[in-house]
Amino acid sequence: MGLTYRFLGFLLLVSAFLLFLVQPLVSKTLLPVLGGTPAVWTTSMLFFQILLLGGYCWAHVMIRYMPLYIPPLLQLIMIITGFFMIHTDGFTPPDFTTTDPVWWQLKTMFFIVGIPYFVLATNAPLYQALYRNFTQHTSGGKTPYALYSLSNIGSFVALASYPFLFEPLLTLGNQSLVWKIGYGILCVLVAGSAFLFYRIYRKEKPALTAAQADNAMTASKDKNVFSWKPVSLWLLLAFIPSSLMLGVTSHVTTDIASLPLLWIIPLAAYLTSFIIAFAEPPLWWARHDKKAFSLAIMSAAIMLLTIVFPTLKYEIFLLIVHYTGFFMVATYCHLLLAQSKPDTKYLTGFFIIVSCGGALGGGFNALLAYHIFNTATEYGIILCLFVIFICFYKRFAWHKLDSRSLYVLGIFELIAAVFFICAIYFNMVMVVFLFCIICLMVFYNYRPVMLGVTCVLCFIFLYKDIHTNDIVRERNVFGVVKVRDRDNIRQLVHGTTLHGLQTLPLSDSPTPTSYYHPQGPLGDVFRILDEQKGPQNIAVLGMGTAATGCYIKNGREFDFYEIDKNVVKIASNPDLFTYLSACQPNADIILGDARIGIQKQPDASYDMILLDVFSSDAIPLHILTKEAFDIYREKLKPEGFIVFHISNRFFDLTPVIANIATQYGYPVIKRTGVDKIADDPTYNTSIYVVVSASDQKINDLTALNDAWKTDDLAKPSQKIWTDNYANIFAVMKF
């Protein structure tokens, strides 16, 4: 049976590779339509988890209720049918004013790849169960759970190769073609497996039939396997890593960038934890349960600590903390899952419950969390749930608290009380230092229950405290938007990134501040426009506080394009910011994706198009492509400006813009604002790139301020970005 195992192992590797390669591919296809929000990935994960659950259920039905020879043949028919139901285009962008983007995305993804993905999702549990049923009467073979570990290796390879090979080297169209070719190869492998199982069935039909009947009788009698205790344990152990994977994804992509690379890392860690948990022979984690337990609790404590201190800098450090911590937590949950797995005759039922737990975790984050919480609270809550559950589970499983342990527990809680008093009266840096010492002490003495209780109390106490300065907190599918006051300055914050500010008390005649300050690059552009006679129309893609609207001139009108209705709600409230109410009370506000919205306007409508559509430094790639530039050219007047605000901590987008503009023969200039202006705390340095068909306009800008540069902006070696191709690695700041 070694040949059968190796053949099925290769089949499941290919199947899992295709199963997970299509996830970033489809998600990236939808990013231009949905505005590049991190919620696209969260909803995508929900969709794929639901179909995964459906595939597992269908595999269970085939194994449980069909004759042994039917499932391989039926799967062959289904996978061939799925090949003709792959659609990579043909969907219509939604109207965000009347359509919920989450439900639209779910329906559209089903149209694009729903049926093929469902069939692929069926393969893993189906062929594991078939391998078990066709080889159970022999001895010496590996367990079907080892095949599950192999399939996760295929998934990991797909996710690791996408950002480094597929995305930089292939357009979306070519990526889809490669996926279809791979799907065709899988069809051949499934046909081969059907032939292989048919030969085995004909050769050993009596033994196989008797074994199947015996399994059915045993399963009908043994009710304890799926009683509420093991089922609830499996559900929870699958729910926690699934929810944390989406939580850490949202946390990271909101504060860094909405890119396939950052999406894929948590999912790759999630899959690796499955590989480790179900590996044969057992790996280090499975052989050192107590150390793995302590590492998981320590990781959760450090992750909770970074949540309650969100002003910490050094983003790379935070990435390492959250990704590594998530990996430790997920690995331990899946280790417990593997340790508690039932006999292989119950394999499909077990995986249905595991898949259901994963889908519940995805549903909680994607559909419920942003309705229940007005900030990203669920991430910390699930971490607390993990700590409490695991500590109590292990306490009652093998921890026996003697009198000495109770004595140490009392001392430890006394130290924790001192910690909380320090949190109230002393510097937070000292609190962090003290807490780290406590963590080390606990780790050294293996007292994870004490640490668990303490870090949960720390999260509850300090998480509440860090939001006391927020005047407004609004949350929806596009993220968390906060308004807070600090040092007589009101700030609009998305995640941890500043998106606008205004001095207090609020003025009835405010002037632009922050990245839009008159002494910054944008001020130069408006000074040139001020010299232009006649009425002017300005398009601002990305509203923020609407500070740009206070560049007032007779006959000048503004259209604001904004995808997040909560941003519009905040900017329109004169009790929060007065830019819009005082300067542009009659401005048109177009809610929805900015590129789609401006495309609906008449040609030659605008004297300037300002692109400021960044969400916590996330890059909506679809506004920087050649197709997007074509739209801006059509909507711009012959003498107009296209202005890109490209201030970003991680990416230099200058060559992307310059390469496209150069192809059309448009001059390009760039200015970086001075670092600071003395005695003006409302100024923030910014970077702007200006493109215009008018050489005179560009010359006017350079004559006004010699800080505008034209040299070496384009990079001919970089391929032009289109809706089907973008290489984010080429513009990263290393």
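Here goes a summary of the coordinates provided. (Residues numbered from 1 in each chain as written. Predicted model: local features only at pLDDT ≥ 70, side-chain atom pairs only at ≥ 80, totals over all residues. Heavy atoms only, no water.)

1. Thoughts on the state of the cysteines
Now for step 1: Scanning the entire structure with this criterion turns up 1 disulfide.
Now for step 2: Two residues, Cys550 and Cys583, share a disulfide whose sulfurs are 2.1 Å apart. On the S-S bond that ties Cys550 to Cys583, the torsion sits near 90 degrees, and the link is right-handed. Linking Cys550 in the loop between β5 (536-541) and β6 (556-562) with Cys583 in helix α20 (residues 579-583), this pair joins segments that are 33 residues apart in sequence. (Disulfide = S-S within 2.5 Å. Helix = DSSP H or I, 4+ residues; strand = E, 2+ residues; numbered from the N terminus.)

2. Observations regarding the sheet that holds β6
Now for step 1: On the basis of which strands lie adjacent, the open sheet formed by 7 strands has the order β7-β6-β5-β8-β9-β11-β10 and mixed pairing. Only two strands of the sheet have a single partner each, and these edge strands are β7 (588-591) and β10 (668-672). Neighbour-to-neighbour, the strand axes of the sheet open up by a mean angle of 15 degrees, direction not taken into account.
Now for step 2: Strand direction decides the pairing type here: strand β8 (residues 606-611) and strand β9 (residues 636-645), joined by 5 bridges, are parallel. Along β9, the bridge assignment pairs Tyr606 with Leu636.
Now for step 3: Its contacts with the sheet put helix α18 (residues 521-530) on β5, β6, β8, β9, β10 and β11 (687-692), and the angle it makes with β9 is roughly 165 degrees. (Pairing = 2+ DSSP bridges. Axes fitted to C-alpha atoms, helices over the stretch in contact; angles between N-to-C directions. Contact = heavy atoms within 4.5 Å.)

3. A look at the packing of helix α4 (residues 101-135) against helix α5 (residues 144-169)
Now for step 1: Two elements in contact, α4 and α5, have axes whose closest approach is 9 Å; the angle formed by their N-to-C orientations is 150 degrees. As far as their axial angle goes, α5 and α4 are roughly antiparallel. Seen from above, α4 lies across α5 with right-handed handedness. In this structure, α4 contributes Tyr127, Gln128, Tyr131 and Arg132 to the contact, and α5 contributes Pro144, Tyr145, Leu147 and Tyr148. (Parallel < 35°, antiparallel > 145°, perpendicular 65-115°, else oblique. Left-handed = near helix turned anticlockwise from the far one by under 90°.)

4. Some remarks on the packing of aromatic side chains
Now for step 1: In this structure the tally under the stated criterion is 24 aromatic pairs.
Now for step 2: For the pair Phe83 and Phe84, a centre-to-centre distance of 5.5 Å together with 90 degrees between the ring planes defines the contact as edge-to-face.
Now for step 3: Summarising the aromatic geometry, the rings of Phe629 and Tyr664 are spaced 5.6 Å apart at their centres and angled 20 degrees between planes, so their arrangement reads as stacked. Placement of Phe629 in helix α22 (residues 626-635) and of Tyr664 in the loop between α23 (654-663) and β10 is noted, with a sequence separation of 35 residues between them.
Now for step 4: Through pairs of rings, three or more aromatic residues link up here, namely Tyr56, Tyr148, Trp234, Tyr270, Phe274, Phe278, Phe350 and Phe351.
Now for step 5: Positioned above the aromatic ring of Tyr725, the side-chain terminus of Lys719 is 4.4 Å from the ring centre. (Phe/Tyr/Trp six-rings, centres within 6.5 Å; stacked < 30°, edge-to-face > 60°. Lys NZ or Arg CZ within 6 Å of the ring centre and 35° of its normal.)

Fair warning: the whole summary comes from geometry, so function is off the table for now.
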